[in-house]
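# Breakdown of the fold
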Amino acid sequence: MSESRDRNSVQSVEKALGLLVTLGEAQQPLTVAGLAAEAGLSTTAAYRLLRALEKGGAVTRSADTGKYVLGFLAHELASRADPHGHIRLAAAGPMLAVQEQCNGETVGLYVPVNSSEFMCIETLPAKHVIRYMEVLYRPIVVGRGATSRVFLAAMLERYGHNAVLSYLSGLPDHLRPLSAVELAALARETLERGYAYSDSTRIPGLTSLAAPIRGRLGGILGAITLSWPTGRVDMSALPEWGSQLRASAAAITQRVTSA
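What this report covers is the structure whose coordinates are included nearby. By convention here, each chain's residues receive numbers from 1 onward along its written sequence. Only residues with pLDDT of at least 70 are given local features in this predicted model, and only at 80 or more are side-chain atom pairs given and counted; all residues enter the totals for whole chains, interfaces and linings. Computation of side-chain values: all heavy atoms of the structure, hydrogens and water removed.

### Remarks on the overall build of the protein chain
Each helix is a run of H or I in the DSSP string that is no shorter than four residues. Each strand is a run of E no shorter than two, and both are numbered from the N terminus. When its secondary structure is counted, the protein chain shows 9 helices and 8 strands. The principal-axis extent of the C-alpha atoms belonging to the protein chain is close to 75 × 40 × 30 Å. To sort residues, take the accessible area from a 1.4 Å probe on protein chains only and compare it with the maximum for the residue type: under 20% means buried, over 50% means exposed, and anything in between is partly exposed. Buried positions account for 42% of the 259 residues belonging to the protein chain. By the convention used here, residues are in contact when the closest approach between their heavy atoms is within 4.5 Å. Sequence separation of 24 or more characterises 57% of the internal contacts of the protein chain that already satisfy a separation of 6 or more. We count Lys and Arg on the positive side and Asp and Glu on the negative side, and we leave His and both chain ends out. Working definition for charges: the position is that of NZ of Lys, CZ of Arg, CG of Asp or CD of Glu. With 25 positive and 22 negative side-chain charges, the protein chain shows a separation of 4 Å between the mean positions of the two kinds.

### Regarding the sheet that holds strand S5 (residues 140-141)
Spatially, 6 strands are ordered S5-S4-S3-S8-S7-S6 in an open sheet, and the strand pairing comes out antiparallel. The open sheet terminates on both sides in strands that have one partner only, identified here as S5 and strand S6 (196-199). With 9 bridges connecting them, strand S7 (residues 206-214) and strand S8 (residues 220-229) associate as antiparallel partners. The residue bridging leucine 206 from the neighbouring strand is proline 229, located in S8. Here helix H5 (residues 85-101) sits on the sheet and contacts strand S3 (106-114), strand S4 (117-124), S7 and S8; the angle it forms with S3, its principal contact strand, is near 150°. Any two strands with at least two DSSP-identified bridges between them are counted as paired. For helices, the fitted axis covers only the stretch in contact; all axes are lines through C-alpha atoms, and the angles between them, taken along N-to-C directions, range from 0 to 180 degrees.

### Some remarks on the environment of tryptophan 241
Mapped onto the secondary structure, tryptophan 241 falls in helix H9 (residues 238-258). When the C-alpha positions of tryptophan 241 and glutamine 99 are compared, they lie 10.0 Å apart, and in sequence the two are 142 residues distant. Apart from residues no more than four positions distant in its own chain, tryptophan 241 is found in contact with Gln101, Cys102, Asn103, Glu105, Leu209, Leu226, Trp228 and Val233.

### Quick notes on helix H6 (residues 146-159)
By this rule the span expected of a helix is its residue count minus one, scaled by 1.5 Å. The end-to-end C-alpha separation of H6 is 20 Å, in line with the 20 Å expected for 14 residues at 1.5 Å each. With 11 of 14 residues buried, H6 is to be regarded as a mostly interior element. Of the positions making up H6, those classed as buried are Ala146, Thr147, Ser148, Arg149, Val150, Phe151, Leu152, Ala153, Ala154, Met155 and Leu156. Within two residues after H6, glycine 160 carries a phi angle of roughly 100°, on the positive side.

### Points about empty space enclosed by the protein
For cavity detection a 1 Å grid was placed over the protein atoms alone, and a set of points counts as a cavity when a 1.4 Å probe fits there but cannot get out; an open set counts as a pocket when protein lies on both sides within 12 Å along at least five of seven lines, with lining residues being those that have an atom within 4 Å of a point. Grid points are joined across faces, edges and corners, and a volume is the space filled by probe spheres set on the points. The tally for this structure, following the rule as stated, stands at 1 cavity of 30 Å³ or more. The calculated volume of the largest cavity comes to roughly 180 Å³. Around the largest cavity, the lining comprises 22 residues; the ones closest to its centre are Tyr110, Arg202, Leu206, Ser208 and Thr225. Here the lining of the largest cavity gets 4 residues from one element, more than from any other, and that element is S3.

### Remarks on helix H2 (residues 32-39)
Every buried residue belonging to H2 is among Val32, Leu35 and Ala36, and all of these are buried. The arc that holds the buried residues of H2, viewed along the axis, is 100°, so those residues lie on one side. Exposed and facing more than 90 degrees away from the buried side of H2 are Ala37 and Glu38. Of the residues one or two after H2, glycine 40 is the one with positive phi, at around 75°. Along the arc lie the directions from the helix axis toward the C-beta atoms.

### Some remarks on the packing of aromatic side chains
Ring geometry is summarised as follows: Phe, Tyr and Trp rings, the Trp one being its six-membered ring, pair when their centres sit within 6.5 Å, and such pairs are stacked at plane angles under 30 degrees, edge-to-face over 60 and tilted between the two. Enumeration over the complete set of coordinates arrives at 3 aromatic pairs. Seen from their ring centres, tyrosine 110 and phenylalanine 118 are 5.8 Å apart, and the 70° between their planes marks the pair as edge-to-face. A relative accessible area of 6% means that tyrosine 110 is categorised as buried. Note on tryptophan 228 and tryptophan 241: the rings are 5.1 Å apart at their centroids and 85° apart in plane angle, and the pair reads as edge-to-face. Taken together, the residues tryptophan 228 in strand S8 and tryptophan 241 in helix H9 connect sequence positions 13 residues apart. Overall, the relative accessible area of 2% leaves tryptophan 228 in the buried class. Of the aromatic side chains, those joined through ring pairs into one cluster are Tyr110, Phe118 and Phe151. The cationic tip of arginine 193 hangs over the ring face of tyrosine 195; the distance from NZ or CZ to the ring centre is 4.6 Å. Two thresholds decide whether a charge sits over a ring: the Lys NZ or Arg CZ must be within 6 Å of the ring centre and within 35 degrees of the ring normal.

The analysis is restricted to geometry; functional conclusions fall outside its scope.
Next comes the structure, spelled out in structure tokens:
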């Protein structure tokens, strides 16, 4: 009898792990029925396991849709090693590629710190004497510059237009180069075009392009940014560079979501 219980317990653990792997590989939140079908379980068995996983913080259920996503437990466990190692590894090749394609200029990789700050976790210095070097792991307030517009776009997607306006309206003038309405419009444009542009907005004398990197569930996970001293590059190159940056961001997204 004891051996039978032990065997059933091990099978339950394996099934629960299967649900977590399914959620981790999913491109969107899943219902109980969807998870059960993907994992090869009955809906009743999947629901029972999900309830246990939810109690432990391994999964989270949306009160609005009833769908499940990975909970904070997975992120907390991953952060004990390197919370950004997966995106840094995924970005290595695409960052080198975009630098080679875009005049050897500086390329940076950015991730959010919280809902109102982001930071640079990796940078490739420009192959020129005159260049700007971002300080790694220093929090930057979301407000000015192309990279900020990517994270404003993330805020727009997640919380909606009014939340973005409320956040921007509360910023002091030195952190908000334009009105809240104008910046919200630029965030929307970033989503539509696939990249953002700024000239001497956050760093005087620095022009930047930034494109969003997306995670497994489709949300904006980070940004890849190309920057150079204003005036060094002909403005006619910007559309092509924007397309190349967007392609590099898509390559990082593909690597992150397929890992």
